[in-house]
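So the chains spell out like this:
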Amino acid sequence: MAKKKVAAVVKIQIPAGQATPAPPVGTALGPHGVAIMDFCKAYNAQTESQRGTIIPVEITIFEDRTFSFITKTPPTPVLIRQAAGLEKGATTTGTQVVGSITQAQLEEIAQTKMPDLNAYDLEAAKLQVAGTARSMGVEVKA
């Protein structure tokens, strides 16, 4: 079987289990001639268990207009906001503290994000997540 040629790789963030042909899905896939409803059905079926969370997806579109996709872990700020119970982060970074998370929550987020981070071990992943939290105005309690 010959290898298919890749025409494009599209990355979008969609709420889990709620993909529709409307933007951003339709505007991202439409120009490539992909069957948008087929993607929406497949994505919704795969992410149904994570409903309510934003899940990034990397869609590989081939020249014959077929596609394959890989779901990633939710963005770090989304996980931090959920753990801290916040609607949004600080408006002025570095001066405003809007919430806090514990070391246990930090470790849980780091373990969740580990497959998508460029960290060698859990400690390095925790430092990356802590940096994101700090830039959002979320304090990490000892």
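Above this note sits the structure.
Residues numbered from 1 in each chain as written. Predicted model: local features only at pLDDT ≥ 70, side-chain atom pairs only at ≥ 80, totals over all residues. Heavy atoms only, no water.

1. What to know about the overall build of the protein
The secondary structure content of the protein amounts to five helices and five strands. Seen in sequence order, the protein has helices and strands lined up from the N terminus as β-α-α-β-β-α-β-α-α-β. Counting only C-alpha atoms, the protein reaches 55 × 30 × 25 Å along its principal axes. The buried share of the protein, reckoned over its 142 residues, is 37%. (Helix = DSSP H or I, 4+ residues; strand = E, 2+ residues; numbered from the N terminus. Buried < 20%, exposed > 50% of the residue type's maximum accessible area, 1.4 Å probe, protein only.)

2. So, the side chain of Asn44
In this structure, Asn44 sits in helix H2 (residues 36-47). Judged by its relative accessible area of 17%, Asn44 is buried. Not counting residues within four places of it along the chain, the set of residues in contact with Asn44 comprises Gly17, Gln18 and Ala19. (Contact = heavy atoms within 4.5 Å.)

3. So, the environment of Gln18
Here Gln18 is to be found in the loop between strand S1 (6-15) and helix H1 (25-29). With 33 residues separating them in the primary sequence, Gln18 and Arg51 have C-alpha atoms 7.6 Å apart. Setting aside its immediate chain neighbours within four residues, Gln18 contacts Asn44, Arg51 and Gly52.

4. Regarding the pairing of strand S3 (residues 67-71)
Pairing analysis gives five bridges linking strand S2 (residues 54-62) to S3, with the strands arranged antiparallel. Along S3, the bridge assignment pairs Thr60 with Ser68. (Pairing = 2+ DSSP bridges.)

5. Some points on the packing of helix H3 (residues 76-84) against helix H5 (residues 122-136)
H5 packs onto H3 with a crossing angle of 70° between their chain directions and a minimal axis gap of 10 Å. In this view, H3 runs roughly perpendicular relative to H5, as classed from their interaxial angle. Packed against H3, whose contacting residues are Thr76, Pro77, Ile80 and Arg81, the element H5 presents Val129, Thr132, Ala133 and Met136 at the interface. The class makeup of the residues in the contact of H3 with H5 is five nonpolar, two polar and one charged. (Axes fitted to C-alpha atoms, helices over the stretch in contact; angles between N-to-C directions. Parallel < 35°, antiparallel > 145°, perpendicular 65-115°, else oblique. Nonpolar A, V, L, I, M, F, W, Y, C, P; charged D, E, K, R; others polar.)

6. Let's talk about the packing of aromatic side chains
Under the counting rule described, the total for this entry stands at four aromatic pairs. Taken together, a centroid distance of 5.9 Å and an interplanar angle of 75° make the contact between Phe39 and Phe67 edge-to-face. Within this pair, whereas Phe39 is found in helix H2, its partner Phe67 is found in strand S3, the two being separated by 28 residues in sequence. Its relative accessible area of 23% is what places Phe67 among the partly exposed residues. Each member of the aromatic cluster is reached from another via a ring pair, and the members are Phe39, Tyr43, Phe67 and Phe69. (Phe/Tyr/Trp six-rings, centres within 6.5 Å; stacked < 30°, edge-to-face > 60°.)

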